[in-house]
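Now for the letters of each chain:
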Amino acid sequence: MKSKISEIKVEIDQFEINSIEQLEHFRIKYLGSKGLTKELFSELKNVPNEQKKEIGQLLNQLRLDAETKFEETKKVLSSSKSEENKLDLTRPGEDHEIGSHHPLSLVKREIISIFSKIGYEVSEGPEIEDDWHNFSALNFPPEHPARDMQDTFFIEKGEKEIALRTHTSSVQVRVMENSKPPIRTISPGRVYRNEAISARAHCFFHQVEGLYIDKGVSFADLKQTLLYFAQEMFGEKAQIRLRPSYFPFTEPSAEVDISCTLCNGKGCNVCKYSGWLEILGCGMVDPNVLDACGIDSTIYTGFAFGMGVERIAQLKYRVTDLRLYSENDIRFLKQFKSGM
Ligand code: PHE
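Residues numbered from 1 in each chain as written. Predicted model: local features only at pLDDT ≥ 70, side-chain atom pairs only at ≥ 80, totals over all residues. Heavy atoms only, no water.

Some thoughts on the packing of helix 5 (residues 103-116) against helix 10 (residues 309-317)
It is the contact of helix 5 with helix 10, at a shortest axis distance of 9 Å, that shows an interaxial angle of 100 degrees. In terms of orientation, helix 5 and helix 10 fall into the roughly perpendicular class. Mapping the contact onto sequence places P103, L104, L106, V107, K108, E110 and I111 in helix 5 and V309, E310, I312, A313, K316 and Y317 in helix 10. Considered class by class, the residues forming the contact of helix 5 with helix 10 number nine nonpolar, no polar and four charged. (Axes fitted to C-alpha atoms, helices over the stretch in contact; angles between N-to-C directions. Helix = DSSP H or I, 4+ residues; strand = E, 2+ residues; numbered from the N terminus. Parallel < 35°, antiparallel > 145°, perpendicular 65-115°, else oblique. Contact = heavy atoms within 4.5 Å. Nonpolar A, V, L, I, M, F, W, Y, C, P; charged D, E, K, R; others polar.)

Put into structure tokens, the structure is as follows:
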């Protein structure tokens, strides 16, 4: 009997349990109502009296060992089971919300891509400018109202004036000073004007200005380039019209309108029943500007144009309040998700 007990003890110790099924098998085999420990207990009556006490103790210990192994293994198995539940690899992944490009970036990129198709390169320059690049080289007379404190954020006044650039024409001055014609460049960037913030004006906005200088560049080239741009940006049906205007750095100068994108020129409340929407300023580069930038105006001519990115975006997306572009309201920005 003793040796039988120790054999079963070894068996119990070595019994491998890796699953709930094996655990149940173990329970039935050693602890069940027809299990081995029960069977041994029932054999106790055949043991001689003087050995009963010792054998009884051994049997009790054996049953305790089996029960302990059962309980402990059960604990291990059930905790690893809940671990498995936590890690369900078949569950769909968590959705990470992807951000979107800012509408002004979308429009700026589109403008750049339209002009790069016809050979324009992108040039950039500093937002803090000196008087020469922002005004003087561009033929602004000293008393010109645009230099006035009302329009310009001055950083330093006096002999060497430093200001936040009021347009990216300043970048074009830098390009003209540093390269030789033919020049085909567009200058996107942020510009600053000292204006009260409202739905229609802001103290900063974005521009893309263009410049083309070569031998024999004419006003007809300018017109054709702008028509190409309008039709690429607003669709084949878009038409343009030019109205005489004035800029110190261009002569002659014009404001450009496109046929209203909403009513196709018939007249609606967006175009104030005129059929036309103003989109940019342009003109032939003034010979004074070419000479100031080291380009011989007796050999070369050129045209320049400048547009507000906010204005183009407004016409494209019908955003009526300029302030929305810089308020970072996620409900506004989310609407441009489909943009690339
Ligand atoms: N620089 C002008 C502005 O900021 C725009 C412009 C550029 C007009 C080039 C004509 C030619 O308003």
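Quick look at the sheet that holds strand 2 (residues 128-130)
With antiparallel pairing, the three strands of this open sheet are ordered in space as 2-4-3. Either end of the sheet is taken by a strand with one partner, and the two such strands are strand 2 and strand 3 (154-156). Ignoring strand direction, the axes of neighbouring strands in this sheet form an average angle of 35 degrees. Note that strand 3 and strand 4 (residues 162-164) share two bridges and pair antiparallel. Across the sheet, residue E156 finds its bridge partner in strand 4, namely I162. (Pairing = 2+ DSSP bridges.)

Observations regarding the pairing of strand 6 (residues 204-214)
Within strand 6, nine of the eleven residues are buried, which leaves it mostly tucked inside the rest of the structure. Sheet analysis places strand 5 (residues 183-192) next to strand 6, joined by ten bridges and oriented antiparallel. Looking at the pairing, R190 lines up with H206 of strand 6. Sheet topology places strand 6 next to strand 10 (residues 301-308); eight bridges connect them, and they run antiparallel. Residue pairing for strand 10: G210 is matched across the bridge by F305. (Buried < 20%, exposed > 50% of the residue type's maximum accessible area, 1.4 Å probe, protein only.)

Observations concerning the domain arrangement of the protein
Domain boundaries in the protein define domain 1 (2-83) and domain 2 (103-339). Spacing between the C-alpha centres of domain 1 and domain 2 amounts to 90 Å. (Domains from an automatic or database assignment.)

Points about the site of the ligand
Contacts to the ligand come from 13 residues, most closely from H167, S169, R193, Q207 and E209. Here a nitrogen atom of the ligand sits 3.1 Å away from a polar atom, N or O, in the side chain of S169. R193 places a side-chain nitrogen or oxygen 3.0 Å from an oxygen atom of the ligand. Contact with the protein chains covers 90% of the free accessible surface of the ligand, which is 320 Å². If you list the elements that add at least two residues to the shell around the ligand, you get strand 6, strand 9 (276-285) and strand 10. Looking at the shell around the ligand, the element that brings in the most residues is strand 10, giving three residues. (Near = heavy atom within 4 Å. Polar contact = N/O pair within 3.5 Å; in protein donor to acceptor, adjacent residues only side chain to side chain. Areas by Shrake-Rupley, 256 points an atom, 1.4 Å probe, with all protein chains shown as cover.)

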